[in-house]
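Results of the structural survey
Below are the chains, spelled out letter by letter.
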Amino acid sequence: MKLQTPGRLEAALGACVAGGRKCLVPYITAGLPDWGRAVEAAADAGADAVEIGIPFSDPVMDGPVIAEAGERALRAGATPPGVLAEAARLDVDVPLVAMTYYNLAHHMGLERFASETVNAGICGAIMADLPLEELDPWAEAASQVGLATVLLAAPTGSEQRLRAICERSEGFVYAVGVLGVTGERDRLAASALEIAGRLKALTSKPVLTGVGISSPSSAAGAASVSDGVVVGSAMVRRLLEGQGPDGVARLVEELRAALDSL
Amino acid sequence: MGEPSPDGRFGSFGGCFVPETLVPACQELEAAFREAWADAEFRAELNRLLADYAGRPSPLTACVRLSEELGVRVLLKREDLNHTGSHKINNVIGQSLLARRMGKTRLVAETGAGQHGVATATAASLFGMECTVYMGEVDVARQELNVYRMRLLGAEVKPVASGSRTLKDAINETLRDWVASVESTHYCLGSVMGPHPYPWMVRELHRVIGEEARRQCAELTGGIPDVVAACVGGGSNAAGIFSGFADTPAELVGVEPAGGAAVGKGSPGVLHGSRSYLLQDEFGQVTEAESISAGLDYPGVGPEHSHLAETGRARYENVTDAEVLEAFEMLSRTEGIIPALEPAHALAWVSRERESLAGRTVLVNLSGRGDKDTELVMSLTAGR
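The notes below deal with the structure included here. (Residues numbered from 1 in each chain as written. Chains lettered and ligands numbered in written order. Predicted model: local features only at pLDDT ≥ 70, side-chain atom pairs only at ≥ 80, totals over all residues. Heavy atoms only, no water.)

Focus on the overall build of chain A
Inclusion rule: Helix numbers and strand numbers start at the N terminus; a helix is a DSSP run of H or I with at least 4 residues, a strand a run of E with at least 2. The globule rule used for comparison is 2.2 Å times the number of residues to the exponent 0.38, while the radius of gyration itself is calculated over C-alpha atoms. Note on definitions: a residue-residue contact is assigned when non-hydrogen atoms from the two residues lie within 4.5 Å. Positive charge is attributed to Lys and Arg, negative charge to Asp and Glu, and no charge count is given to His or to the chain ends. Taken as the charge location is NZ of Lys, CZ of Arg, CG of Asp or CD of Glu.
Helix and strand counts for chain A stand at 12 helices and 9 strands. Relative to its length of 262 residues, chain A is compact, with a C-alpha radius of gyration of 16 Å against a globular reference of 18 Å. Oriented by its inertia axes, the alpha-carbon framework of chain A measures out at about 40 × 40 × 30 Å. For chain A, the share of sequence-separated contacts (at least 6 apart) that also reach a separation of at least 24 residues comes to 74%. Positive and negative side-chain charges of chain A, numbering 21 and 32 respectively, have mean locations separated by a distance of 3 Å.

Right under this line is the structure:
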């Protein structure tokens, strides 16, 4: 059994922050046509880590774009073992983070899911429907193989709750920028700045803003307070529209330029 | 059937598996419910509305001709006679009162057959709240009348086109709405499922069914029934009636649709906020239920039912669509009562088991009336 070096994700993102570079983490739904090449293209175009979405039948935290991508991927036959096998063959130097829903891990068995994830070369995991209260069994399985569990922190959290999330989140703290599910928004929500500010005051871990960040301007706006951004629906929409890995690379370059101008 | 553990568990089932954004709302709801449930004024207002508005207590009907035909003494708890035509109103009035007490101005709900949607739209109208109901496109098509009723009551009905386009996907979409609207909006969940505190709270709000039925059975028969049977999708009407008899020797039987038998054919999994039995494939992807009854067309089941099944306190059987149609016609023909397709599942089981139940007393929760289903049954049985 392979082990990930514990702390690899935080070390990589922390090094960006220390060097004055804002972190850029694109999200790609696994199982779409050419998704693996899209991940490689995103990494080559300036991503600091890439999130790989393992599709689940009932993605309640996802808006229409990522939900549709997941449905298409499942119809095309995507499975967790299949996705992980493909991920293992990717040629990328940046850390990979799996994002999915808890039932897939629960069903496979937590220890097996965690170890197969790190065996695929993935060093972090985000479970969209696994809050602090339910975290322990998974966190134990993940830590045994050196897999970092990234926690979401939402605008609805109390100070005490955000502090507890910051303490237990590994790799980075995922600041949910809006009240709502994943998806592109026309403008950057005020809540994105507010939640990032609250979290930055509580932790020295990297704080990345996600959900509702889709354009270079909203990315730059969010990262003016946080340490970087996660961009999902805007990436995935390009794949759904048939723009392929090149379309993903172009968006990553635009976002990179906007973040580097800060 | 008591309180779940502090982490919202019935045995190993239940919990609060929701996106982080919703956790504070679930915790706030639990605190508000605890406080309201212990408040005599809240209980008095709820009881007044259940009596004056919903028409409780619902009667207990001793079936004469059906009992003769089956050789089984069948008693019906007449939830079909409640305002809006099903047991759903008990839960909805309670949750709406609670939502108002919490300062929420909008209700969102999922609906399968439309009964919970109609009940929620009714309560929203009664309390002057905004209301949005999510309903799968398949169900919108097969329950046209209820869609019209909801709109007439002032609710916005949003058809859901994703996934299986039935109840499961309507719940996904309602959760997505709630993630975005949680500050002003209460999710009026329609069954004993979802994240803690819903399974417990919804069962408590339906406990009135079991308490009334126990008293009525005692008055009518001088004792308790041998068997208490109810249909189970999420399982709210069953939880309500079981809660009145769980501490008696009565056998408790939940009846699932053969095409959506989460307890009968599923395995433990996590969906829509809780860990419970679930229909899923070898990778943990939730599979689609398939039932004639839109209200039971759901791949999961409330966590307390999983616990009752695991401990053996209740058992769960399943019946086919064909058996359900026969039972639907049988009750109409023998008793002058047209049942909804959902409780027709419980009647179908009694009919199938008539030999083993011979001479015994079976209490069936007649959870809803069949008006909404007559058109569908008419089309299915045409030309027969």
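So, next bit.
Considerations on the sheet that holds strand β8 (residues 185-187) of chain B
Residues and elements named next belong to chain B. Under the convention used in this document: Two strands make a pair as long as DSSP finds a minimum of two bridges between them. Structural elements are reduced to axes, namely lines fitted to C-alpha atoms, with helices fitted over the stretch in contact, and the angle between N-to-C directions of any two is expressed from 0 to 180 degrees.
Taken in spatial order, the 4 strands of this open sheet run β7-β6-β5-β8, and their pairing is parallel. A single partner strand is all that each edge strand has here, and the edge strands are β7 (156-160) and β8. Neighbour to neighbour, the strand axes of the sheet diverge by 20° on average, direction disregarded. With 3 bridges joining them, strand β5 (residues 106-111) and β8 adopt parallel strand pairing.

Some points on the environment of Pro64(A)
All names here are of chain A. Short version of the rule: The cut-offs for exposure are 20% and 50% of the maximum accessible area for each residue type, with area from a 1.4 Å probe on protein chains only; residues under the lower value are buried, those over the upper are exposed, and the others partly exposed.
Positionally, Pro 64 belongs in helix α3 (residues 64-75). Accessibility expressed as a relative area gives 67% for Pro 64, which makes it exposed. Taking the C-alpha atoms as reference points, Pro 64 and Gly 183, 119 residues apart in sequence, are found 7.1 Å from one another.

A word on the interface of chain B and chain A
The test is simple: When two parts are put together, the accessible area they lose, computed with a 1.4 Å probe and summed over both, is reported as buried area. Note on definitions: salt bridges are taken to be side-chain nitrogens of Lys or Arg within 4 Å of carboxyl oxygens of Asp or Glu. Three residue categories are used. Nonpolar comprises Ala, Val, Leu, Ile, Met, Phe, Trp, Tyr, Cys and Pro, charged comprises Asp, Glu, Lys and Arg, and polar comprises the others, including Gly.
Contacts between the two partners involve 38 residues from chain B, matched on the other side by 37 residues from chain A. For the chain B and chain A pair, buried surface summed over both sides reaches about 2,800 Å², with 56% attributable to carbon and sulfur atoms. Applying the counting criterion to the chain B and chain A interface returns 3 salt bridges. For Arg161(A), the salt bridge identified is with Glu20(B), shortest N-O distance 2.6 Å. Of all the secondary-structure elements, those providing two or more residues to the side of chain B that touches chain A are β2 (13-17), α1 (23-37), α8 (167-181), β11 (267-271) and β12 (273-278) of chain B. Element by element, the count of residues in the side of chain B that touches chain A is highest for α8(B), at 7 residues. Taken together, the residues that form the side of chain B that touches chain A break down as 16 nonpolar, 12 polar and 10 charged.

A few points about the packing of aromatic side chains
Geometrically, a pair of aromatic rings is defined through the distance of the ring centres and the angle of the planes. Residue and element names in this part refer to chain B. Where we set the bar: A pair of aromatic rings is counted whenever rings of Phe, Tyr or Trp (Trp by its six-membered ring) have centres within 6.5 Å, and the orientation is called stacked for planes under 30 degrees apart, edge-to-face for over 60 and tilted otherwise. The rule is short: NZ of Lys or CZ of Arg within 6 Å of the ring centre and within 35 degrees of the ring normal puts a charge over the ring.
For the structure shown, the criterion picks out 10 aromatic pairs over all chains. Site record: aromatic cluster; members linked through ring pairs are Phe 33, Trp 37 and Trp 200. Over the ring of Trp 37 we find Arg 43, and its NZ or CZ is 3.7 Å from the ring centre.

Concerning the nonpolar core
In a soluble, globular protein the nonpolar side chains are often hidden away together inside. Heads up, the rule is: Buried residues of nine kinds, namely Ala, Val, Leu, Ile, Met, Phe, Trp, Tyr and Cys, make up a nonpolar core once their side-chain atoms join them within 4.5 Å.
Ranked by internal contacts, the top residues of the largest apolar core, which has 167 residues, are Trp35(A) and Trp138(A). Among the elements that make up this core, the one with the highest residue count is α1(B) (8 residues). In this view, Trp138(A) contacts Tyr102(A), Ala105(A), Leu110(A), Phe113(A), Ala114(A), Ala125(A), Met127(A), Leu130(A), Leu147(A) and Thr149(A); residues no more than four positions away in its chain are not counted. Judged by nonpolar contacts, the second largest core, of 32 residues, contains Cys63(B), Val255(B), Leu325(B) and Leu341(B).

Section: the state of the cysteines
Residue and element names in this part refer to chain B. The condition is simple: Cysteine sulfur atoms that pair up within 2.5 Å are treated as a disulfide.
Applying the stated criterion across every chain, the model contains 0 disulfides over all chains. Note on Cys 131: no disulfide assigned, nearest cysteine sulfur contributed by Cys 188 at a separation of 8.0 Å. You can see Cys 231 has no disulfide; the closest cysteine sulfur is in Cys 63, sitting 16 Å from it.

A short note on the pattern of salt bridges
On inspection of all chains with the given rule, the structure shows 45 salt bridges over all chains. Residue Arg142(B) pairs with Asp297(B) through a salt bridge whose shortest N-O separation is 2.7 Å. Note that Arg142(B) is positioned in helix α6 (residues 137-142) and Asp297(B) in the loop between β12 and α12 (303-311), a separation of 155 residues in sequence. Exposure remark for Asp297(B): the relative accessible area of 5% places this residue in the buried category. Where salt bridges share partners, they join Arg21(A), Asp48(A), Arg256(A) and Asp260(A) into one cluster.

That's the geometry; what it means functionally is another story.
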